[in-house]
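Descriptive structure summary
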Amino acid sequence: MDEKGANIDLVFRNGLKDFEVLPPPEVWDNIHFVIKRKQRPFILLRTAALIAVVLSMSFLAYRWSREISTGLDSAVMALNEESASPEISPSVDKPLYVTAKKNSSLINFSKSLIENIPDKAIEPENEETTSPGEAYFQVTKSITMNKGKPLHGPLLASLNSSPGNTFNIKEPDQQYLPGNSITKSTDRWSIAAMASPTYYSSFNSGNDELSKQLMGSEQSLISYTGGVAFSYKINKRFSIQSGLYYSSLAQEVSGINSFAGFQKYDNTKGNHNFEVLTTNGTVYTNNADVFLIASGSGERILTNYNNDVFDPNKASLQYINNTLRQNFSYLELPIILRYKVVDKMIDLNLIGGVAYNMLVNNSVYTMVDGGKYSIGETEGLNLLTVSSSLGMGMEYSFSDKLSLNLEPTFRYYLNPFNGMTSSKIHPYSFGIFSGVSYKF
Amino acid sequence: MSEIKKIINGCLNGNRRDQELLYRRHAAKLYAICLQYSGNDDEARDILQDGFIKIFENLVHYKHEGSFEGWMRRITVNTALEKFRSRHNLYRVDDIDQIPEPDADPDNQDYAGLDAEDLLNIIRELPPKYRMVFNLFAIEGYSHNEISKMVNISEGTSKSNLSRARVILQRRVGSYTGIKKRISNG
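1. A closer look at the interface of chain A and chain B
Contacts between the two partners involve 24 residues from chain A and, on the opposite side, 32 residues from chain B. Broken down by secondary-structure element, the contributors of at least two residues to the side of chain A that touches chain B are helix H1 (2-16) and helix H2 (26-84) of chain A. Per-element tally for the side of chain A that touches chain B: the top contributor is H1(A), with ten residues. Of the residues contributing to the side of chain A that touches chain B, the split by class is 14 nonpolar, six polar and four charged.

Rendered as structure tokens:
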């Protein structure tokens, strides 16, 4: 019997080896939905990590920029203490250009800054002063002069009295201030308050009839976005920007009649009474007093209370409206790279980047007498979506510190708002951001 | 880096395309296994779905040692086993006394006419306990000792179930072969 059994075992083992059967297509959708939902905590952790990295980098960059300016001040102070202190009092802020021959390590430190000063601002006294080991310093705060008095004599004498130093001081009126180049480079940071009306819409890349039908009855509403942005100037052309925005997107779903006063007829406990299909997911009612019925043909509303079972007119329910409004609010964390194309009175910037959008509010309501009547909420919305943005920014400077910004921006959402639907709806938005920025 | 490693890394990074690629490459083979362990298509779909979710969740533990396909197969079989354990009390095992002995000597039977689909159908007609033990012993190669622990039965019951499963299978194979012969002879 064992041999016979082994024989039948072999028949099945060999016969079923490498056998394949294609599974039904919906299995993958179910699997993907589950693994995506389970990945969400990791996405949130990644986002938190990203925020932490951005903040850390910003802090380090801030400290670095502070150290440079402090370092320069200290270097100049050191110079003053060594050679010019008797003649210099620390109160006047008029800039004075000094050429110096100095065997000090701070010369190397300042070299990069010195390179930015145009040749006109510096007049070497002689060949000796231009030889390696010499440096030119812009002394702005630490070296002071009494206005109207010729300081060349005593100051120069004092400075030159130190061994190894040779200074040449130029008259302030002869100085060419080098386009604030050094001052400008220290204004690496800027903070801006921005706001924009936003037009939100979506397009359908699929061919299914249901999506087309649903899109046909949905209309975008003008929404808004606003927040605070801070940017760091990496160099003359590039700057990186982040911040925190609040955006509210809304759309109107037409063809859904809503009535109030249904609660006394509602015999069910707990669960929602109505489900409304939309391109962004299914709306579940959470207001037991509302009754919904589709005005046209089609099966947009799933309910046990269809027209055959319940007639809202016979029950004398109060008609509210024939449209629903879906609203999604997001907190946005953008990471934007800006490239300055034109550096004139009105700067032009190319703007591109991504934004992490965290869902903070999801509501569905209808309007009655100018007020909102709550219906429910959209199920299965992704808590986190990622959007890419591309835009052109115009920046008009009122002053060295203040500027007006205008940024038409197109946004494309890389993942759909709803993780449950397998529809091919791709949301996008367009907004014109405007605001004021302050450099520091 | 091999292609499968790239796909696995992509899956670990949450890349949907790689996840789908991994699924598409192996789903058909694993679904055949699921069908082999289940009495109906719904159950097979459940096993495949849960099995793949476990595969994605446990990819991080895969050490790239041994066959990746074998690793996935073990997860799928274990998922089938879990389903079986959870439904164990719901199944009624046919009384073996009512099952007639095979009408032909298996050694002399001609299995050549049976294809994989026939064999799958035959194996799915087995009562769940017999099917599980037969699959684990004859297809997966586990010993009765191992099966007794996996299915939570005694070794004796495992042997008995296997023996009964073989009897049923031999009978079914005989009848399938006979039917096929009759069809081919017109």
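2. Quick notes on unusual backbone geometry
All names here are of chain B. Positive phi outside glycine occurs at histidine 64, with the angle close to 60 degrees. By the secondary structure assignment, histidine 64 is in the loop between helix H3 (41-58) and helix H4 (68-87). Phi at asparagine 152 takes a positive value of approximately 65 degrees, unusual for a residue other than glycine. Position of asparagine 152 among the secondary structure elements: in the loop between helix H7 (144-151) and helix H8 (155-185).

3. Focus: H7(B)
Residue and element names in this part refer to chain B. Buried within H7 we find His144, Ile147 and Val151. One side of H7 holds all its buried residues, which, seen down the axis, span an arc of 55 degrees. Once H7 ends, the next one or two residues include asparagine 152, with phi positive near 65 degrees.

4. A word on the nonpolar core
What tends to happen in soluble globular proteins is that the nonpolar side chains get buried as a cluster. Grouped together as the largest cluster of nonpolar side chains are 47 residues, with contacts concentrated most on B:Tyr31, B:Cys34, B:Leu48, B:Val133, B:Phe134 and B:Ala165. Sort the elements by how many residues they give to this core and helix H2 (residues 16-37) of chain B lands first, with ten residues. Sequence-distant contacts of B:Leu48, that is, excluding residues within four places in its chain, are made with A:Pro23, A:Val27, B:Ala27, B:Leu30, B:Tyr31 and B:Cys34. Core analysis: the second largest hydrophobic core is formed by 16 residues, A:Val283, A:Val290, A:Phe291 and A:Tyr305 among them.

5. Some thoughts on the confidence of the model for chain A
Residues and elements named next belong to chain A. Per-residue confidence for chain A gives a mean pLDDT of 73; residues scoring 70 or more make up 60%. Low pLDDT, under 50, characterises residues 81-153; the stretch is placed with 118 contacts to residues that sit more than four places away or in other chains. Within the model, pLDDT remains below 50 along residues 169-185, and this stretch shows 24 contacts once partners closer than five positions in the same chain are excluded.

6. Describing the pairing of strand S14 (residues 384-397) of chain A
Residues and elements named next belong to chain A. Taken together, the 13 bridges between strand S12 (residues 346-368) and S14 define a ladder with antiparallel strand orientation. The residue bridging leucine 348 from the neighbouring strand is methionine 394, located in S14. Relative to strand S15 (residues 402-413), S14 runs antiparallel, the two sharing nine bridges. Residue pairing for S15: serine 389 is matched across the bridge by arginine 411. Between S14 and the antiparallel strand that follows it, S15, lie four residues.

7. Section: the packing of H2(B) against H3(B)
All names here are of chain B. Relative to each other, H2 and H3 sit at 135 degrees, their axes nearing to 9 Å. Considered as vectors, H2 and H3 are oriented oblique to each other. In this structure, H2 meets H3 at a crossing whose hand is right-handed. Taking contact as the criterion, the partners of Gln19, Tyr23, Ala27, Leu30, Tyr31, Cys34, Leu35 and Tyr37 in H2 are, on H3, Ala44, Ile47, Leu48, Gly51, Phe52 and Phe56. Per-class residue counts for the contact of H2 with H3 are twelve nonpolar, two polar and no charged.

8. A look at the pairing of strand S8 (residues 281-285) of chain A
Residue and element names in this part refer to chain A. As paired strands, strand S7 (residues 274-278) and S8 are joined by four bridges and run antiparallel to one another. The partner of valine 276 across the bridge, within S8, is valine 283. A loop of two residues connects S7 with S8, the two strands running antiparallel in sequence. Bridge analysis of S8 against strand S13 (residues 371-378) gives three bridges, and the strand direction is antiparallel. From the neighbouring strand, valine 283 faces S13, where its bridge partner is threonine 378.

Thresholds applied
Residues numbered from 1 in each chain as written. Chains lettered and ligands numbered in written order. Predicted model: local features only at pLDDT ≥ 70, side-chain atom pairs only at ≥ 80, totals over all residues. Contact = placed C-beta atoms within 7 Å. Helix = DSSP H or I, 4+ residues; strand = E, 2+ residues; numbered from the N terminus. Nonpolar A, V, L, I, M, F, W, Y, C, P; charged D, E, K, R; others polar. Buried ≥ 20, exposed ≤ 12 C-beta atoms within 10 Å, placed from the backbone. Arc of directions from axis to C-beta. Core = buried A, V, L, I, M, F, W, Y, C linked by C-beta atoms within 7 Å. pLDDT = per-residue confidence, 0-100. Pairing = 2+ DSSP bridges. Axes fitted to C-alpha atoms, helices over the stretch in contact; angles between N-to-C directions. Parallel < 35°, antiparallel > 145°, perpendicular 65-115°, else oblique. Left-handed = near helix turned anticlockwise from the far one by under 90°.

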